[in-house]
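# Tertiary structure, described
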Amino acid sequence: MFNAQAETMPTGELRKLQGQRLRAVVERAYDHVPFYRAKMQAQGVTPDDIRSIEDLPRLPFITKTDFRDQYPFGMFGVPQKEIVRIHASSGTTGKPTVSGYTQADIDNWAECAARSLACGGATAEDTVQVAYGYGLFTGGLGMHYGAEKLGAAALPMSAGNTEKQIMLMKDFNVTVLCCTPSYALQIAEVAAAMGIDLMTLPLKSGHFGAEPWTEAMRQHIEQVLPLKALDIYGLSEVAGPGVANECLEQNGLHVFEDHFYPEIIDPVTDTPLPDGEKGELVFTCLTKEGVPLIRYRTRDITLLLNEGPCPCGRTSRKIARLMGRTDDMLIIRGVNVFPSQVEDVLVRIEGVHPQYLIIVDRQGNLDTIEIQVEVTEGLFSDEVRKLEALRDQIHHQIKTMLNVSAKITLVEPKTIERSLGKAKRVQDRRTLS
Ligand code: DLL
């Protein structure tokens, strides 16, 4: 562990620390951010009402829209001269949400990214290839600072230039890989085309996140790369990568709770849900100075696991693999569909790659869904009858698992656009008109 004292803190002690930190954050937000003061006043609470972590539900929620409304710097809780870094989230529409960090914020975030890497067994001996994008996106710089904090060697590749990634991975004896899960698959695919056997390399762990993926995709990645594929979660409003990371048990992501306090709420009624129940993840940052964050609704759906102590020894609570978002859920003819469910079906079918594109459209009043699926090289050159059988099989499985009838289009290998960062799996043409 990178910080055993913090990561194995007895629960009672942790709750006390969280309460103390919460009080300080609430006071800072109330005193320095007019937006928070107005929100709390509207709710009829003052910092004096917050005595322990149990008082958290008395505070109002904030949303991404609140953030956008304060664009660019309205959420900042410190004078501009104390801000040492600015990131912004990659929104698809409108203005981005802006995150400002003080030096203490950067140090705490680097610590959590270092803890994340150590969750996979990384130490100062390791070489960490950072193939998340560097820039406004938090993936690259977040893992870079984490690797350095750990004392490991950071290899700042950023995303892209895949052949060079593979060459240096091999020549530099890289042991830890950080990138999106879809890019990990792309690296494996390109290596195979270059005739390089990645399975002989000394890689030991991969920290894959920033986009939804599935248990089946983990198995696929572990078959083409000689590493433990671990799920890493984070978001720029909270910090960046390293809010939570799986340990080698590969059974849920430890939240670094002394910095980020998680709650699960019912997204419709807004009421807190007990551990074990699925809902929207809400975070309160307990140490953040640059942009105080209190009860931020992430729109991500998961649950807090309640399975007792983790064999790894960490005492923090774990969230389950992310199950989708309250807002990217597709509703097709009244049926809720998450892209991750489609992926889960595809990775189990022989002869197809887990590379796909979901196209949702509307003909008249009826929603239509088409799923373009890439087939393997061998299969594509095979007889038409076999391809038809495969198409029927996918159609049937999707119908059985998701309860929607989708048009399945098989496409040639490597025709679906590869992404260097977050994969774009859905084109919802209904909203474009
Ligand atoms: O994606 C930070 C990050 C970088 C996390 C590298 C992990 C690794 P944003 O661009 O602000 O920040 O996007 C945050 O991405 O609310 C989730 O919907 C999604 N996301 C992040 N990690 C995971 C994951 C970064 N492990 C949004 N599984 C979040 C599923 C994830 N979705």
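What counts and what doesn't
Residues numbered from 1 in each chain as written. Predicted model: local features only at pLDDT ≥ 70, side-chain atom pairs only at ≥ 80, totals over all residues. Heavy atoms only, no water. Helix = DSSP H or I, 4+ residues; strand = E, 2+ residues; numbered from the N terminus. Contact = heavy atoms within 4.5 Å. Areas by Shrake-Rupley, 256 points an atom, 1.4 Å probe, with all protein chains shown as cover. Lys, Arg positive; Asp, Glu negative; His and termini not counted. Charge placed at Lys NZ, Arg CZ, Asp CG, Glu CD. Near = heavy atom within 4 Å. Polar contact = N/O pair within 3.5 Å; in protein donor to acceptor, adjacent residues only side chain to side chain. Nonpolar A, V, L, I, M, F, W, Y, C, P; charged D, E, K, R; others polar. Core = buried A, V, L, I, M, F, W, Y, C linked by side-chain atoms within 4.5 Å. Buried < 20%, exposed > 50% of the residue type's maximum accessible area, 1.4 Å probe, protein only. Pairing = 2+ DSSP bridges. Axes fitted to C-alpha atoms, helices over the stretch in contact; angles between N-to-C directions. Domains from an automatic or database assignment. Buried area = accessible area lost by both parts, 1.4 Å probe. Salt bridge = Lys/Arg side-chain N within 4 Å of Asp/Glu carboxyl O.

## A short note on the overall build of the protein
Regarding its fold elements, the protein presents 12 helices and 19 strands. The principal-axis extents of the C-alpha atoms in the protein amount to approximately 75 × 55 × 40 Å. Here the analysis covers contacts within the protein between residues at least 6 apart in sequence; of these, 65% occur between residues at least 24 apart. Here the protein displays about 18600 Å² of accessible surface, and carbon together with sulfur accounts for 50% of that area. A distance of 3 Å separates the average location of the 46 positive side-chain charges in the protein from that of its 56 negative side-chain charges.

## With respect to the site of the ligand
Neighbouring residues of the ligand: 20 residues in total, closest Asp231, Ile232, Ser236, Asp300 and Lys422. Measuring from a nitrogen atom of the ligand, one finds a backbone N or O atom of Glu211 at 3.2 Å. In isolation the ligand offers 610 Å² of accessible surface; the protein chains occlude 93% of this area. Put simply, the parts of the chain that give the shell around the ligand at least two residues each are helix 6 (138-150) and strand 7 (228-234). The biggest single contributor to the shell around the ligand is strand 7, with 4 residues. For the shell around the ligand, the residue count by class is 9 nonpolar, 6 polar and 5 charged.

## A short note on the nonpolar core
Of all hydrophobic cores here, the largest spans 49 residues; its most connected members are Tyr36, Met40, Tyr233, Phe260, Phe283 and Ile319. If you list the elements that add at least two residues to this core, you get helix 2 (11-32), helix 3 (34-43), strand 2 (98-101), helix 5 (103-119), strand 8 (241-246), strand 9 (253-255), strand 10 (260-265) and strand 11 (279-285). For this core, the leading source of residues is helix 2, giving 5 residues. Each residue touching Phe260, except ones within four places of it in the same chain, is listed here: Cys112, Val238, Ala239, Gly242, Val243, Val255, Phe283, Thr284 and Cys285. Tyr183, Ala191, Leu201 and Leu225 belong to the second-largest nonpolar core, a separate cluster that totals 26 residues.

## Digging into the sheet that holds strand 12 (residues 296-302)
The sheet built from 3 strands is open, its strands ordered 10-11-12 with antiparallel pairing. Here the strands that pair on one side only, and so sit at the sheet edges, are strand 10 and strand 12. Neighbour to neighbour, the strand axes of the sheet diverge by 35° on average, direction disregarded. Of the strand pairs in this sheet, strand 11 and strand 12 are connected by 4 bridges, and their pairing is antiparallel.

## Here we look at the domain arrangement of the protein
One frequent convention defines the size of an interface as the accessible area lost when the parts assemble. Its domain assignment divides the protein into domain 1 (7-15 + 58-326) and domain 2 (335-428). Taken over C-alpha atoms, the centre of domain 1 sits 28 Å from the centre of domain 2. Summed over both partners, the interface of domain 1 with domain 2 buries about 1500 Å², with 57% contributed by carbon and sulfur atoms. Considering only the side of domain 1, the residues that lose the most area to domain 2 are Glu189, Thr214 and Ala216, jointly responsible for 27% of the buried surface there. Inspection of the region where domain 1 meets domain 2 yields 1 salt bridge. The closest approach of N and O atoms between Glu189 and Arg418, which form a salt bridge, is 2.8 Å. Elements represented by at least two residues in the side of domain 1 that touches domain 2 include exactly helix 8 (181-194) and helix 9 (215-224). The biggest single contributor to the side of domain 1 that touches domain 2 is helix 8, with 5 residues. Among the residues making up the side of domain 1 that touches domain 2, the classes are represented as 10 nonpolar, 8 polar and 3 charged.

## Quick notes on the side chain of Glu246
When you line up the elements, Glu246 lands in strand 8. Separated by 2.7 Å, the side chains of Glu246 and Arg218 make a polar contact. One polar contact links the side chain of Glu246 to the main-chain amide nitrogen of Asp231, over a distance of 2.8 Å. Not counting the four nearest positions on each side in its chain, Glu246 is found in contact with Cys119, Arg218, Ala229, Leu230, Asp231, Asn251, Gly252 and Leu253.

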